[in-house]
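Fold and contact review
Chain residues, written in single-letter form:
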Amino acid sequence: MNRRTVYLTAAAVLLAAGCTPGTKAPTAAATAPEPTGTVEFWHQFTDRESRAIAGIVKDFEAKYPKVTVHITDGQDDDKTLQAIGAGNGPDLAQSFSTDRVGKFCSSGAWVDLKSYVDRDKVDLSKIPPTVRSYTEFRGKRCSMPFLADAYGFYYNTTMLTEAGFAGPPKTLSELTAMTKALTKRRADGTIERAGFLPQFGFYEFSPAHLAPAAGAKWFTGEGRSAIGSDPAWKELMRWQKELVDWYGYKNLAKFTASLGDEWSADHAFHKGRVAMMVDGEWRVAFLRDQAKDVSFGTAPMPVVDAQASRYGAGYVTGNIIGVAKTARNPEAAWALIRYLTTDTAAVVKLANAIKNVPTTTDALAAATELKADPQFAVFLQIFDNPASTTMPASAVGTAVEETFSQFLAKWQSGAATNMDSGLADVDRQVDQMIQLAG
Amino acid sequence: MSTVLRRRLTVLAFIGPALAGLVVFFVYPLLAAVYFSLHRVDLINPPEWVGLANWRFLFHDLNVRHAAGNTLWFVVVMVPARIVGAIATAMLLNRVKRGRTAYRTLFYLPALAPPVVATLAFVSLLKPGTGPVNTLLAKVGIEGPLWFNSPDWAKPALVLLALWGIGDLMIIFVAALLDVPVELYEAASLDGAGAWQRFRNVTLPSISPVVLFAAVTGVIATLQYFTQAAVAASVASGDAVTGGGISGTFGYPEGSTFTYPLWLYTVGFRNGLLGYSSVLAVVLFVVAIAVTLVLLRRFQAFAGSVR
């Protein structure tokens, strides 16, 4: 390598080092200023839900007339993170994925809100402990809960009644028995109607949403992957595989391939092609909006037979919202976050509009409209259940569940048969990625 | 100013814009990728030196082996399939006497379709149960496969999509075939050569530079195969619209369409390990260069053997 090449290489490396982000994260002013100016707000809601967000933001603008909020809907986490990294991010961003809180916090993409929370004396004890846990990471409160989601069990009451069932299953054994009774097959053995679809990765049936049924753990106390060492996962996997095998994996794959998109009106539950399913509380509104003729009931997710006391718990997660590192108007962005997440009237109004679970104890108490709805009230109870769990935050975001899901896809199809070895690989991969993320 | 200096400056002025583009869009990103591969990078904070930690993970990463295997499958199957398909289509089109231009346009048109749109259309056409292809197959008593919903058929379905869009390559072969001197075919026929011998000893040597071009560009493009695999997986999974981003569905079904660039993107932008994804980028570059060099050497041997 001649001297000129060395100089050129060194210059390029210095340039590489120089062309990296270095914006200083905003912190709260000593005293809260009057919110003014323009706020850029990116969120992930679309259609009906996006209109509801726009409505509540108009209320905020009416309360703070010197603030104008520009909303960009239908965003996703990848795009938002890239924009923040490039210095062109919004003032505040919302995400559906609580499992990315670790990434948002540890990277500093979303700023630590502690200085704002302390200055304005926001009472965080009014946020339930599970919700507080998924909105912070390693002591950094970089997000606030922007309504929550609770996962439960949906069943088609007409189909259950026709099959002679008085109510939904409470244990996984009952779920298996009812699935077999409610499934209809054609003469050639293919599925015409499924009692319950046990394929991991299809619609909302995921390991995270099933975990509360057995209290399965994601991490050890030292922050390492516990997927391979927790016997609860193995019990859930065996139950699931048995049900998949009863259908025949190829039969299931063929059936699910013919079903409509999860977020469209052609959803299999809307169309009466599946009798029972796991889903979030938002499905109540989707069903009433898109499938008015479907008669349905809601209940907590069935649990493993040996842990009947767990019945009533479920997976809890939610939307999160935070101030981006690149915020040009962080004080007004914080004012909007504070309004959207702690103003009881605003939280209840938004929860009513998009049929999500309110996230403060005051708003939960005031959510009389939601409580009066028997199908939705089930999700408020799941949310309030102390045994309900969430996906713990990690520095590698969604990699933990996705790595596990990759193995589960092979496990359920029969391509992988050695459970212990596969789960050990999952643990190793997850631990190494967490180590790399720092 | 001396004549030599003036001449050098003139040359530099002419090649300057191209040189600047090369430095900014090739040399700098390449060196930056090497630099980032030795750091913890999350796009938000200044890079943090981690030595060879990212490189060590390359040898333990289970996903990279799986993703590289899928990409290798595409390189081995899709590239030759596209070249053979393009040559065959070009030869057939050159035989057509009437309406040749119309047919050429017709076969070229799919290449103009944006990859996302073309993939969406293909997933709809091949949707098991409701798609027109399986409906037609069922009418003649054939049970169609699950196409993009089957781990065995998803990759072949993507190859079909690539074959549908061979217009770009086909049009180059049409021109190359028209350039083959007719006298060579006449001489070969007089010598008693059959159709295969004429193709093997006249056509192939004459168009071999174009075959090499198609092979090299095809391999490089397939090593970077991303859009079609991502869109097909997302749409076929039935979970196309999520706030978590499209990358949550990459590889569906069962990781069968999970290519190397998809893992590079996922681990970098979804999992935030930009340092490690830089390692993957550097490896991809080295592999692309190596494969190109091997192809060039093999081509010399191939060209020599057919002459």
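Residues numbered from 1 in each chain as written. Chains lettered and ligands numbered in written order. Predicted model: local features only at pLDDT ≥ 70, side-chain atom pairs only at ≥ 80, totals over all residues.

1. Describing the overall build of chain A
The number of helices and strands found in chain A is 19 helices and nine strands. Relative to a compact globule of 438 residues, whose C-alpha radius of gyration would be 22 Å, chain A shows 24 Å and is just as compact. Overall size of chain A, expressed as C-alpha extent along the three principal axes, is 70 × 65 × 35 Å. Sorting the 438 residues of chain A into buried and exposed places 53% on the buried side. Taking as baseline every contact in chain A between residues at least 6 positions apart, the subset at least 24 positions apart corresponds to 75%. (Helix = DSSP H or I, 4+ residues; strand = E, 2+ residues; numbered from the N terminus. Rg over C-alpha atoms; globule rule 2.2 N^0.38 Å. Buried ≥ 20, exposed ≤ 12 C-beta atoms within 10 Å, placed from the backbone. Contact = placed C-beta atoms within 7 Å.)

2. A word on the overall build of chain B
Along the backbone of chain B there are 13 helices and two strands. Along the three orthogonal principal directions, the C-alpha set of chain B runs to about 80 × 70 × 35 Å. When each of the 307 residues of chain B is scored for burial, the buried share is 38%. Pairs at least 24 apart in sequence give 68% of the contacts found in chain B among residues at least 6 apart.

3. Overview of the interface of chain B and chain A
With 41 residues of chain B in contact, the opposing surface of chain A contributes 49 residues. Sorting the residues of the side of chain B that touches chain A by element identifies α1 (3-36), α2 (53-58) and α12 (260-270) of chain B as the ones contributing at least two each. It is α1(B) that contributes the most residues to the side of chain B that touches chain A, six residues altogether. Within the side of chain B that touches chain A, the residues separate by chemical class into 20 nonpolar, 16 polar and five charged. (Nonpolar A, V, L, I, M, F, W, Y, C, P; charged D, E, K, R; others polar.)

4. Here we look at the domain arrangement of chain A
Residues and elements named next belong to chain A. According to the domain assignment, chain A contains domain 1 (26-149 + 317-384) and domain 2 (151-315 + 392-437). If you average the C-alpha positions of domain 1 and of domain 2, the two centres end up 29 Å apart. Contact residues are listed per partner, giving 22 residues for domain 1 and 22 residues for domain 2. Elements with a contribution of two residues or more to the side of domain 1 that touches domain 2: α4 (101-107) and α17 (374-384). When residues of the side of domain 1 that touches domain 2 are assigned to their parent elements, the largest contribution, six residues, is made by α17. Here the residues of the side of domain 1 that touches domain 2 sort into nine nonpolar, seven polar and six charged. (Domains from an automatic or database assignment.)

5. What about helix α2 (residues 47-63) of chain A?
Residue and element names in this part refer to chain A. The terminal C-alpha atoms of α2, which comprises 17 residues, lie 25 Å apart, in line with the 24 Å expected from a rise of 1.5 Å per residue. Within α2 the residues assigned to the buried category are Ala 52, Ile 53, Val 57 and Phe 60. Around the axis of α2, the buried residues are gathered within 135 degrees of arc, so they sit on the same side. Projecting away from the buried face of α2 at angles above 90 degrees are the exposed residues Asp 47, Lys 58 and Ala 62. Buried residues along α2 sit against β2 (67-72), α13 (330-342) and α14 (344-354). (Expected span 1.5 Å × (residues − 1). Arc of directions from axis to C-beta.)

6. What to know about the pairing of strand β9 (residues 316-323) of chain A
Residue and element names in this part refer to chain A. Counting buried positions along β9 yields eight of eight residues, so the element is predominantly enclosed. Bridge count between strand β3 (residues 92-95) and β9: four bridges; the pairing is antiparallel. Within β9, the residue paired with Ala 93 across the bridge is Gly 322. Direction of pairing for strand β4 (residues 144-156) relative to β9: antiparallel, over a ladder of five bridges. Counted as the bridge partner of Asp 149 is Thr 317 from β9. (Pairing = 2+ DSSP bridges.)

7. Section: the environment of A:Gly260
Residues and elements named next belong to chain A. With respect to the helices and strands, Gly 260 occurs in the loop between α11 (249-257) and β7 (274-280). Once the C-alpha coordinates of Gly 260 and Pro 300 are considered, the two residues, 40 residues apart in sequence, prove to be 25 Å apart. When residues no more than four places from it in sequence are discounted, the contact partners of Gly 260 are Asp 266, His 267, Ala 268 and Lys 271.

8. Quick look at helix α7 (residues 154-164) of chain B
Residues and elements named next belong to chain B. Looking at α7, one finds that the buried residues are Ala 154, Lys 155, Ala 157, Leu 158, Leu 161 and Ala 162. For α7, the buried positions fall inside an angular range of 160 degrees around the axis, keeping them on one side. Looking at the buried side of α7, the elements it contacts are α3 (62-95), α5 (115-125) and α11 (227-236).

9. Examining the environment of A:Tyr116
Residues and elements named next belong to chain A. Within the secondary structure, Tyr 116 is located in helix α5 (residues 114-119). Separated by 219 residues in sequence, Tyr 116 and Ala 335 have C-alpha atoms that sit 9.4 Å apart. Look past the residues within four positions of Tyr 116 in its chain and what remains in contact with it is Ala 28 and Trp 334.

10. Quick look at the environment of B:Val27
All names here are of chain B. Locating Val 27 in the fold gives a position in helix α1. Taking the C-beta count within 10 Å as the criterion, Val 27 has 14 such neighbours and is therefore assigned partly exposed. Sequence separation of Val 27 and Gly 251 is 224 residues, and the distance between their C-alpha atoms is 31 Å.

11. Some words on the packing of helix α4 (residues 100-108) of chain B against helix α8 (residues 167-178) of chain B
All names here are of chain B. Close contact between α4 and α8 brings their axes to 8 Å; oriented N to C, the two are set at 145 degrees. Within the contact between the two elements, α4 uses Arg 104, Phe 107 and Tyr 108 and α8 uses Gly 167, Met 170, Ile 171 and Val 174. Partitioned by chemical class, the residues of the contact of α4 with α8 number five nonpolar, one polar and one charged. (Axes fitted to C-alpha atoms, helices over the stretch in contact; angles between N-to-C directions.)

12. Comments concerning the packing of α8(B) against helix α10 (residues 195-223) of chain B
Residues and elements named next belong to chain B. Their axes nearest at 10 Å, the elements α8 and α10 cross at an angle of 150 degrees. Of the possible angle classes, the one that applies to α8 and α10 is roughly antiparallel. Two packed elements cross with a definite hand, and for α8 against α10 that hand is right-handed. Each of Leu 169, Ile 172, Phe 173, Ala 176 and Leu 177 in α8 lies in contact with α10, whose residues at this interface are Thr 203, Ile 207, Val 210 and Ala 214. Classifying every residue of the contact of α8 with α10 gives eight nonpolar, one polar and no charged. (Parallel < 35°, antiparallel > 145°, perpendicular 65-115°, else oblique. Left-handed = near helix turned anticlockwise from the far one by under 90°.)

13. A look at the pairing of strand β1 (residues 37-42) of chain A
Where a strand is regular, its side chains alternate between the two sheet faces. Where β1(A) lies against β2(A), six bridges are found, and the strand directions are parallel. Looking across to β2(A), one finds that A:Val39 is bridged to A:Val69.

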